[in-house]
Amino acid sequence: MLPLCGETWGEAVQWAAAQLQQTDRPRLEAELLLSTLLGVPRTTVLAHPETVLSEAVAAAYVEYVRRRCSGEPLPYIRGHAEFFGLNFFITPDVLIPRPETELLVEESLAWMRERLEASRQGTSSSVLGAGLQAADVGTGSGCIAVALASSAPGLHLYAIDLSSPALWVSQVNAERHGVADRITFLNGDLLTPLPASVDLIVSNPPYVAENEWSLLPSSVKREPALALLGGPDGLNPLRDLLLQSGAHLRAGGLLLAEIGERQGAASLELARAAFPDAHCSVLPDLSGKDRVLKIRLE
């Protein structure tokens, strides 16, 4: 049993921070957990440390902290996570959005801007993504699809996932951000359910190798294995995606797939074998690690 957390917001945060010393940011997490429970901004918690806790809130806060101490990821406890400046509803059925995955969105938008500039030809059209179709393969929480739809108002997307519970989460997020009318949700494996060819394929496929599973932090192991494990070398989903993409990616199209930091050379070899006439490259994340496989068709 965890001890009682104190009588005020300030005492509770101080107590929780002491319990959460095994985390990277114990004080911040303590503040975030309390602000989530109270339904107020973190700044409100910081500004009013003298506010008295009710017994119900105190009991619930102790339970939140207990869950976090057990290794449960913070976003699952809070029920949401930030991605590309947007707030996403999160459940244990989906992978937690990560900052490095934003590179997929950034590259997609940059490519769409290039297309828009090339197609203007003196017209005043400025609707990003107009006339373009995209597929987000393994959409999970829908963070990539929703971020793209929010930033490119002319884009239509297919959001595909093998997991029905994950697909439900992505639909909730699309509704929350007002873009559900431009996203078609499909239940199935990789590109199998895609009904038409597209201009853009973007994916954060499972890429953890089987022998790497035991090395993952315990909190990561709480996330769905279906969204993480990629076979013996971690590249099986990417192999299948590349094999299927040839029949679904239009001329002049773009494919972007997130990869593991040690998979750059192997993924590039797979890409060149599947698309010998395309421009294939590997892009680094902000830490300089291999992060995104980029295939651009002529």
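The structure under discussion appears in the preceding block.
Anyway, here's the lowdown on the structure attached to this text. These numbers were taken from a predicted model, which means no experiment stands behind them.

This next bit is on the nonpolar core. Counting residues in each nonpolar core, the largest one holds 42 residues, and the members touching the most others are Met112, Ile144, Leu148, Leu155, Leu157 and Ile183. When residues of this core are traced back to their parent elements, those giving at least two are strand E1 (80–83), strand E2 (86–89), helix H6 (102–120), helix H7 (143–151), strand E4 (156–161), helix H8 (164–176), strand E6 (198–203) and strand E7 (249–258). For Ile183, the residues in contact, after removing those within four places along its chain, are Ala145, Val146, Ala149, His156, Leu157, Ala159 and Ala174. Formed by 26 residues, the second largest nonpolar core is a distinct cluster that contains Ala135, Ile160, Leu238 and Leu293.

Read across the open sheet, the seven strands follow the order E5-E4-E3-E6-E7-E9-E8; overall the sheet is mixed. Pairing within the sheet leaves two strands with one partner each, and these edge strands are strand E5 (183–187) and strand E8 (279–284). Shown here is a sheet whose adjacent strand axes are inclined to one another by a mean of 15°, direction ignored. In the packing of H7 onto the sheet, the strands contacted are strand E3 (133–137), E4, E5 and E6, and the crossing angle to E4 comes to about 175°.

In this section: the packing of helix H1 (residues 9–19) against helix H4 (residues 55–69). Where H1 meets H4, the axes come as close as 10 Å, and the angle between the chain directions of the two elements is 20°. As summarised for this structure, H1 and H4 are arranged roughly parallel, according to the angle between their axes. As H1 packs across H4, the resulting crossing turns out to be right-handed. Between H1 and H4, the residues in contact are Ala12, Val13, Trp15, Ala16 and Gln19 and Tyr61, Val62, Val65 and Cys69, respectively.

A few words now on the state of the cysteines. Working definition: the covalent bond between the sulfur atoms of two cysteines is a disulfide. Applying the stated criterion across every chain yields a total of zero disulfides. Between Cys69, a free cysteine, and Cys5, which holds the nearest cysteine sulfur, the sulfur-to-sulfur gap is 13 Å.

Inspection of the secondary structure assignment puts Arg239 in helix H9 (residues 236–245). The exposure class assigned to Arg239 is partly exposed, which follows from its relative accessible area of 30%. Residues Arg239 and Ser267, 28 residues apart in the sequence, show an inter-C-alpha distance of 8.5 Å. Those residues in contact with Arg239 that sit more than four places away from it in its chain are Asp233 and Leu270.

This paragraph deals with the pairing of E8. As defined by bridge partners, E8 adjoins strand E9 (residues 290–296) across six bridges and the pair is classed as antiparallel. Looking at E9, one finds that Ser281 is bridged to Lys294. Hairpin connection, E8 to E9: the antiparallel pair is bridged by five residues, and Gly288 has positive phi, about 85°.

About the thresholds
- Residues numbered from 1 in each chain as written.
- Predicted model: local features only at pLDDT ≥ 70, side-chain atom pairs only at ≥ 80, totals over all residues.
- Heavy atoms only, no water.
- Core = buried A, V, L, I, M, F, W, Y, C linked by side-chain atoms within 4.5 Å.
- Buried < 20%, exposed > 50% of the residue type's maximum accessible area, 1.4 Å probe, protein only.
- Helix = DSSP H or I, 4+ residues; strand = E, 2+ residues; numbered from the N terminus.
- Contact = heavy atoms within 4.5 Å.
- Pairing = 2+ DSSP bridges.
- Axes fitted to C-alpha atoms, helices over the stretch in contact; angles between N-to-C directions.
- Parallel < 35°, antiparallel > 145°, perpendicular 65-115°, else oblique.
- Left-handed = near helix turned anticlockwise from the far one by under 90°.
- Disulfide = S-S within 2.5 Å.

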